[in-house]
Protein chains: 2
Amino acid sequence: MNVMENLLSERIKSTPPSFVRSILKTAADPNVISFAGGLPNPVSFPQEELLVSMERITKTYKDKVFQYSITAGLPELRQYIANRYNKKFGLNLDIDNILITTGSQQALDLIGKTVLDENDGVLLEKPSYLGAIQVFSQYMPKFHTVDLTDKGLNIEQFKSALNNNIKLMYAIPEFQNPTGLTYSAENREEIFEIIKDKDIILVEDDPYGELRFNGKHLPYIGAGRFKNSIVLGSFSKVVTPGMRTGFIICENKELLKNISVSKEASDLHTNIFSQYLIWDYLMHNDFEKHIAKITELYSKQAQAMLNAMDKYFPKSVKYTRPDGGMFLWVTLPENVSALELFPKALEKKVAFVPGDPFYINKKNVNTMRLNYTNADCDTIEEGIKRLGELLEGI
Amino acid sequence: MNVMENLLSERIKSTPPSFVRSILKTAADPNVISFAGGLPNPVSFPQEELLVSMERITKTYKDKVFQYSITAGLPELRQYIANRYNKKFGLNLDIDNILITTGSQQALDLIGKTVLDENDGVLLEKPSYLGAIQVFSQYMPKFHTVDLTDKGLNIEQFKSALNNNIKLMYAIPEFQNPTGLTYSAENREEIFEIIKDKDIILVEDDPYGELRFNGKHLPYIGAGRFKNSIVLGSFSKVVTPGMRTGFIICENKELLKNISVSKEASDLHTNIFSQYLIWDYLMHNDFEKHIAKITELYSKQAQAMLNAMDKYFPKSVKYTRPDGGMFLWVTLPENVSALELFPKALEKKVAFVPGDPFYINKKNVNTMRLNYTNADCDTIEEGIKRLGELLEGI
C-alpha cells in the first residue's frame, strides 16, 4: 500500500471519495425507496422519437455520424443552442461562444483544468453540488463558501469571501443542487454589481433551468454582461443523460479557446453520433411540449413529496419548497446527524443523501437531500411516511 | 491579454497548441489530397449493422440505454473485453480489471491525472504520439525520451533514462503512432527484464493492434506479468471513433479504482448508449471477419503508398514499412525541414504532418507522418507523386 501511495498524485489523494456512488450501492436493493439518486424520470427520454432520429441521421449523414469530428462540437447543434439562449435570455451568442462537452460534469473538469492552479481561490455556495467539489478538488484550490439563503447568496458573507484571491466562482442560481433553492432577481443583481469590475470567472451551472414548474424564468447573473461569464447547460435532464451531452456558453471567446485545448487533450471531442442525434431530435419534434410534459410530472411529484412531508414529518424538521428542478433539502434539528440516520432509514427501506458531501470538510451535518423525480407519487408518499416514522423518534 | 493570462492555469500555458488540428484546417480544402489526418476508412464503420443494433437495444433495454449509468462501464462490455484479451493473450482478467473510457484519449488524461505530480518523470518514445504529449503536458511532468529504432526502444538509452525518477512509461509497441514501427519480441523481453522489479507504471497504448496485415501478433511487454501494467484499447479503429469508446486494462485493481475516481470527476461515465450499441454489435456479428475486411483494405493502401514512394521519392528519402496500423514515417535528408516543406506541399494540393509535434521541444525536424487509411489507392499514388516532385527539388 505504501508503494501504491507513491504511485498516486497529490491530486487524487485530495479528491473526496465517491460518496453518493457508495451510498447508491447500498441503496441498490430494489425494495428500497430511493430518494438518494439524481436520476431523471424515464418519461424525459423521448425514446420513440430518438429511434426515428437515429434512423434518419444514419441514413442521411452516413459515415459522418461515426467518424472523428471537431473538438468544438457539431456546428448545427452549437447554432441551435446559441439561437435558443439568444431568444430566451436576450443574449448575442454565436457558435464560437459554445463548446459541446461530454456532459456538464466534463465542463467543470475542463474549466478547473484551464484556470485553476494550486491554492487559487474558488468560491462556492454552502452547500454546493458534490460533483463540483469533487472535480475542483483535483486542482487543489482553496475553497471559500458562502451561505445559501432562500433568496440566494448571503451578500455580506459574499463580499467578505471575495477578499480571498478568488479566481473562480461557481454557483447554481436556479433550483440549486442540493437545496432546490433559487436566487431572487434582486440577489442576482446585487451579486452582479459586486463582481462586475472584478477579474474573476463566474460559472453559472444551469442543468435544471428548463424544469421550472412555478414562477417565471429569471435572467442569469452574468450572461450577456459579465466579461468572464460562463453558463453551463445540458441535455441530460430534458433529452437523455446517458448520451453525456452538455455545453459551455462562454462570453470570452479567448477563454473558451483555451478551454477547448483542454477539451481536445481530455477526449478529442464529444460523441458525434449523440450530437447529431440530439440536434436532429430538436429539429423534428416539439421540444417545448416535451419539456412541459416533464415539468408537469415533476411538479406533481414535488407536490406529492411536500404534501407527505407536511403530513408525516415532525414540526421540528424544515424543508425547502422548490420552484423547479429535481431536489429538495431537509434540515433536521441541530443536534441530529443525517449520516447516522442513514442506516436506520435503510432498515426501513428508504434512502436519501446525507448532507455531508455537499460541504467542504463538514461532517455529521443535520441536512439531507431528497430527489423526487424518479418515483411515482404513491411511492413518494410511502417513502416519506417511512422517513417520517424515523424522524418522529429523533 | 495580460488579464487573460492571469486567469489561466500554468497547466494550460504549458500545453502545446493543437498542432494537427490547425494543420488539418489549412488542409480542409477538398481538392487537397490529405495524408495528414488519422481518420479510419469509413469501411471500418459497420453502419448497417450498427443501425440494426440501435433498434434492438432501444427496444430491448428501453430507458436503460438513455439513463445515467455506472462509472466503470457496462459490465457486459467489460466482460467481453476481458474474455477477448484472456483468449488472445493468455491473460487472466475479470471485469474489475477493465474501465470503459471516453475514447483512448481520455484514458491518457485519467492516468495522468491520477498519477502525475509536477516534475514527475514520464518516459516516452522519440518520436511519440502528439496527443499523449499534449495531455501529459497538462500535468507538468519532466519528459525523458528514448530513441525508437526499427526493433523497438534503444535499450542503452532506455536504461539510462530510467534513472530520472520515472513514474510513468508510455509506449505504443505495435504499429506506433507516428512511425508505424513495431517492437520486436526480443526488444519487448529486454524491456520487461529491465523494469520488472521497478515501481513504475507501464502504459502500452494499443489502438491499432487489431489492424495487423503482416506477421503475427506479439505479446505485450507487461500485460499479465507486470504489477502496474496498463494496456489501452479502443473501438475507434475497428467499429467507430465517433462514439468515443475506449478502455483501460489495468493489472492493479487498486490503481484502477483510483483512476475510476478521476473518471467519475471527469465525466461521470462514458456514453451508455454507445456502450450497449458496441456490445450488441459485437454479440451479433462476425467481428473477426469485419476486422479482416479492414486490414485487407489497409494492407492494399499501405502497399500502394510504399509502391508509389519507391517509384517517385528520391533515394535520399527513407521511410518505414509498417506491418499494420495507419501510419508510416518519412525521414528526409538531414538539413531539410518538413515544416518548411508543408506550405509548398499545400500549393501542390497534398498534405502531411511535419514531425515537430511528435517531439518534446524539437523544431524543424526532417521527418513527417503519412496516413494511408483514408484515401483510395489511386489517390494515394497521385498524392505521393506530387510529394515526390516536391522532394526531387530539395
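As a reminder, the structure under discussion sits directly above these lines.
Residues numbered from 1 in each chain as written. Chains lettered and ligands numbered in written order. Predicted model: local features only at pLDDT ≥ 70, side-chain atom pairs only at ≥ 80, totals over all residues. Heavy atoms only, no water.

Asker: Mind showing me how you'd approach the overall build of chain A here?
Answerer: In terms of regular secondary structure, chain A is built from 14 helices and 14 strands. A compact globule built from 394 residues would reach a C-alpha radius of gyration of about 21 Å, and chain A, at 21 Å, matches this within 12%. In terms of its C-alpha atoms, chain A occupies a principal-axis envelope of roughly 60 × 55 × 50 Å. For chain A, with 394 residues in total, the buried portion stands at 64%. (Helix = DSSP H or I, 4+ residues; strand = E, 2+ residues; numbered from the N terminus. Rg over C-alpha atoms; globule rule 2.2 N^0.38 Å. Buried < 20%, exposed > 50% of the residue type's maximum accessible area, 1.4 Å probe, protein only.)

Asker: Would you explain the nonpolar core in this entry?
Answerer: In a soluble, globular protein the nonpolar side chains are often hidden away together inside. By size, the foremost hydrophobic cluster in this structure holds 169 residues, and its most contacted members are Leu370(A) and Leu370(B). Leaving out residues up to four positions away in the same chain, Leu370(B) has contacts with Phe35(B), Met305(B), Met309(B), Met326(B), Phe327(B), Leu328(B), Val330(B), Phe352(B), Ile384(B) and Leu387(B). If you look at the next biggest cluster of nonpolar residues, it comprises 35 residues, including Ile111(A), Ile133(A), Ile259(A) and Leu7(B). (Core = buried A, V, L, I, M, F, W, Y, C linked by side-chain atoms within 4.5 Å. Contact = heavy atoms within 4.5 Å.)

Asker: Looking at this structure, I do not really get the pairing of strand β3 (residues 121–126) of chain B. What am I missing?
Answerer: On a regular strand, one side chain projects to one face of the sheet and the next to the other, so that they alternate. All names here are of chain B. Taken across its six residues, β3 has five buried, putting it largely inside the fold. Tracing the backbone out of β3, into helix α7 (residues 130–137) and back to the parallel element strand β4 (residues 142–149) gives a crossover that is right-handed. Bridging between β3 and strand β6 (residues 166–171) involves four bridges; their strand directions are parallel. By the bridge assignment, leucine 124 is partnered in β6 with tyrosine 170. (Right-handed = clockwise from strand over helix to strand, strands pointing away. Pairing = 2+ DSSP bridges.)

Asker: How do you make sense of the relation of the copies chain B and chain A when you look at a structure like this?
Answerer: The second copy of the chain is related to the first by a rotation about an axis and a shift along the axis. By a simple turn and slide, chain B fits onto chain A: the slide is 0.0 Å along the axis, the RMSD is 0.0 Å, and the turn is 180°. The transformation relating the two chain copies, once decomposed into turn and shift, fits a two-fold axis. A share of 100% of the interface residues of chain B reappears at the interface of chain A, consistent with the copies meeting face to face through the same patch. (Least-squares fit on C-alpha atoms with pLDDT ≥ 70 in both.)

Asker: Help me understand the packing of helix α6 (residues 103–115) of chain A against helix α10 (residues 253–267) of chain A in this model?
Answerer: Helix packing for two helices is described by the angle between their axes and how far apart those axes are. All names here are of chain A. Look at α6 against α10: their axes get within 9 Å of each other, and the N-to-C directions meet at 110°. If you check the angle between α6 and α10, you find them roughly perpendicular. Seen along the crossing, α6 lies across α10 with a hand that is right-handed. Residues Gln106, Leu110, Ile111, Lys113, Thr114 and Val115 of α6 lie in contact with α10, whose contacting residues are Leu255, Asn258, Ile259, Ser262, Lys263, Ser266 and Asp267. Its residues assigned to classes, the contact of α6 with α10 comprises five nonpolar, five polar and three charged. (Axes fitted to C-alpha atoms, helices over the stretch in contact; angles between N-to-C directions. Parallel < 35°, antiparallel > 145°, perpendicular 65-115°, else oblique. Left-handed = near helix turned anticlockwise from the far one by under 90°. Nonpolar A, V, L, I, M, F, W, Y, C, P; charged D, E, K, R; others polar.)

Asker: Explain the sheet that holds strand β11 (residues 327–331) of chain A to me, please; I cannot follow it from the model alone.
Answerer: Each strand in a sheet pairs with its neighbour through backbone hydrogen bonds, running either in the same direction (parallel) or in the opposite one (antiparallel). Residue and element names in this part refer to chain A. The sheet built from four strands is open, its strands ordered β10-β11-β14-β13 with antiparallel pairing. The open sheet has two edge strands with one neighbour each: β10 (318–319) and β13 (353–354). Bridge count for β11 against strand β14 (residues 367–371) is five bridges, and the pairing is antiparallel. When the sheet's bridge partners are listed, threonine 331 is paired in β14 with threonine 367. This element, helix α12 (residues 287–312), spans β10, β11 and β14 of the sheet and lies at about 15° to β11.

Asker: Any chance you could explain the interface of chain B and chain A here in plain terms?
Answerer: One widely used convention gives an interface's size as the accessible area the parts lose upon coming together. Contact residues are listed per partner, giving 77 residues for chain B and 77 residues for chain A. Applying the counting criterion to the chain B and chain A interface returns two salt bridges. In this structure, the connection of chain B to chain A is made through 39 residue pairs in polar contact (both at pLDDT 80 or more). Sort the elements by how many residues they give to the side of chain B that touches chain A and helix α10 (residues 253–267) of chain B lands first, with nine residues. Residues that form the side of chain B that touches chain A fall into these classes: 31 nonpolar, 29 polar and 17 charged. (Salt bridge = Lys/Arg side-chain N within 4 Å of Asp/Glu carboxyl O. Polar contact = N/O pair within 3.5 Å; in protein donor to acceptor, adjacent residues only side chain to side chain.)

Asker: Would you take a moment to explain the pairing of strand β11 (residues 327–331) of chain B for this structure?
Answerer: Residue and element names in this part refer to chain B. For β11, the tally of buried residues reaches four of five residues, placing the bulk of the element in the interior. Bridge count for strand β10 (residues 318–319) against β11 is two bridges, and the pairing is antiparallel. Residue pairing across strands places tyrosine 319 opposite valine 330, the latter belonging to β11.

Asker: Mind showing me how you'd approach the packing of aromatic side chains here?
Answerer: Geometry of an aromatic ring pair is reported as the spacing of the ring centres plus the angle between the planes. Evaluated as defined, the whole model comprises 33 aromatic pairs over all chains. Centroid distance Phe235(A) to Phe247(A): 5.4 Å. Interplanar angle 50°. Geometry classified as tilted. Note that Phe235(A) is positioned in the loop between β8 (229–234) and β9 (246–250) and Phe247(A) in strand β9, a separation of 12 residues in sequence. No difference in accessibility class separates Phe235(A) from Phe247(A), as the two residues are buried. Their ring planes at 80° and their centres at 5.8 Å tell us that Tyr85(B) and Phe247(B) sit as a pair that is edge-to-face. With a gap of 162 residues between them, Tyr85(B) in helix α5 (residues 75–89) and Phe247(B) in strand β9 (residues 246–250) connect regions that are remote in the sequence. You can call Tyr85(B) buried: its relative accessible area is 8%. On the basis of relative accessibility, which here comes to 3%, the residue Phe247(B) falls in the buried class. An aromatic cluster of at least three residues, connected via ring pairs, comprises Phe45(A), Phe66(A), Phe273(A), Phe45(B), Phe66(B) and Phe273(B). (Phe/Tyr/Trp six-rings, centres within 6.5 Å; stacked < 30°, edge-to-face > 60°.)

Asker: I tried to follow the sheet that holds strand β2 (residues 98–101) of chain A on my own but got confused; where do I start?
Answerer: Residues and elements named next belong to chain A. In spatial order, the strands read β2-β9-β8-β7-β6-β3-β4-β5; together these eight strands make up an open sheet with mixed pairing. A strand with exactly one partner marks an edge of an open sheet, and here the two such strands are β2 and β5 (152–153). In the packing of helix α5 (residues 75–89) onto the sheet, contacts are made with β2, β8 and β9, and the angle to β2 comes to roughly 120°.

Asker: How do you make sense of the pattern of salt bridges when you look at a structure like this?
Answerer: One side chain can pair with another of opposite charge once the charged atoms of both are near each other. Residues and elements named next belong to chain A. The full count for this structure, using the stated rule, is 44 salt bridges over all chains. Measuring nitrogen to oxygen at the nearest pair gives 4.0 Å for the salt bridge that ties lysine 113 to aspartate 109. One end of the pair is lysine 113 and the other is aspartate 109, both in helix α6 and four residues apart, which spans about a single turn. Using a relative accessible area of 1% as the deciding quantity, one classes aspartate 109 as buried. Counted as one network, the salt bridges with shared partners bring together Arg84, Lys88, Glu210 and Glu288.

Asker: Which parts of the structure should I look at to understand the side chain of Gln275(B)?
Answerer: Residue and element names in this part refer to chain B. Here glutamine 275 shows up in helix α11 (residues 272–284). The buried category is assigned to glutamine 275, whose relative accessible area is 1%. Excluding residues that lie within four positions of it along the chain, glutamine 275 makes contacts with Gly73, Leu74, Leu77, Ile100 and Thr270.

Asker: Would you take a moment to explain the environment of Ser53(B) for this structure?
Answerer: All names here are of chain B. Assignment of secondary structure puts serine 53 in helix α4 (residues 47–61). Note on serine 53: relative accessible area 0%, which makes it buried. As a C-alpha pair, serine 53 and leucine 277 span 224 residues in sequence and 6.0 Å in three-dimensional space. Ignoring sequence-local partners within four residues, the contact set of serine 53 consists of Leu277, Asp280 and Tyr281.

Asker: Explain α11(B) to me, please; I cannot follow it from the model alone.
Answerer: Because each turn of an α-helix spans 3.6 residues, side chains separated by three or four positions end up pointing in the same direction. End to end, α11(B) covers 18 Å across 13 residues, agreeing with the expected 18 Å (1.5 Å per residue, within 8%). Counting buried residues along α11(B), 11 of its 13 residues qualify, which places the element largely inside the surrounding structure. Among all positions in α11(B), only Ile272(B), Phe273(B), Ser274(B), Gln275(B), Tyr276(B), Leu277(B), Ile278(B), Trp279(B), Asp280(B), Tyr281(B) and Leu282(B) are buried. In this structure, the buried side of α11(B) is in contact with α4 (47–61) and α11 (272–284) of chain A together with α4, α5, β2 (98–101) and α12 (287–312) of chain B. Put simply, Asn271(B) is the residue that caps the front of α11(B), since its side-chain oxygen is 3.2 Å from the backbone nitrogen of Phe273(B). (Expected span 1.5 Å × (residues − 1).)

Asker: I keep staring at α5(B) and nothing clicks. Help me out?
Answerer: Here α5(B) is 15 residues long and its end C-alpha atoms lie 21 Å apart, about the 21 Å a rise of 1.5 Å per residue gives. Tucked into the core, α5(B) has its buried residues touching β2, β8 (229–234), β9, α11 and α12 of chain B.

Asker: Can you walk me through the environment of Leu306(B) in this structure?
Answerer: Residue and element names in this part refer to chain B. Relative to the helices and strands, leucine 306 is located in helix α12. When the C-alpha atoms of leucine 306 and arginine 321 are compared, they prove to be 7.4 Å apart, with 15 residues separating the residues in sequence. Every residue in contact with leucine 306, bar those within four places of it in the chain, is listed here: Tyr319, Thr320, Arg321 and Leu328.

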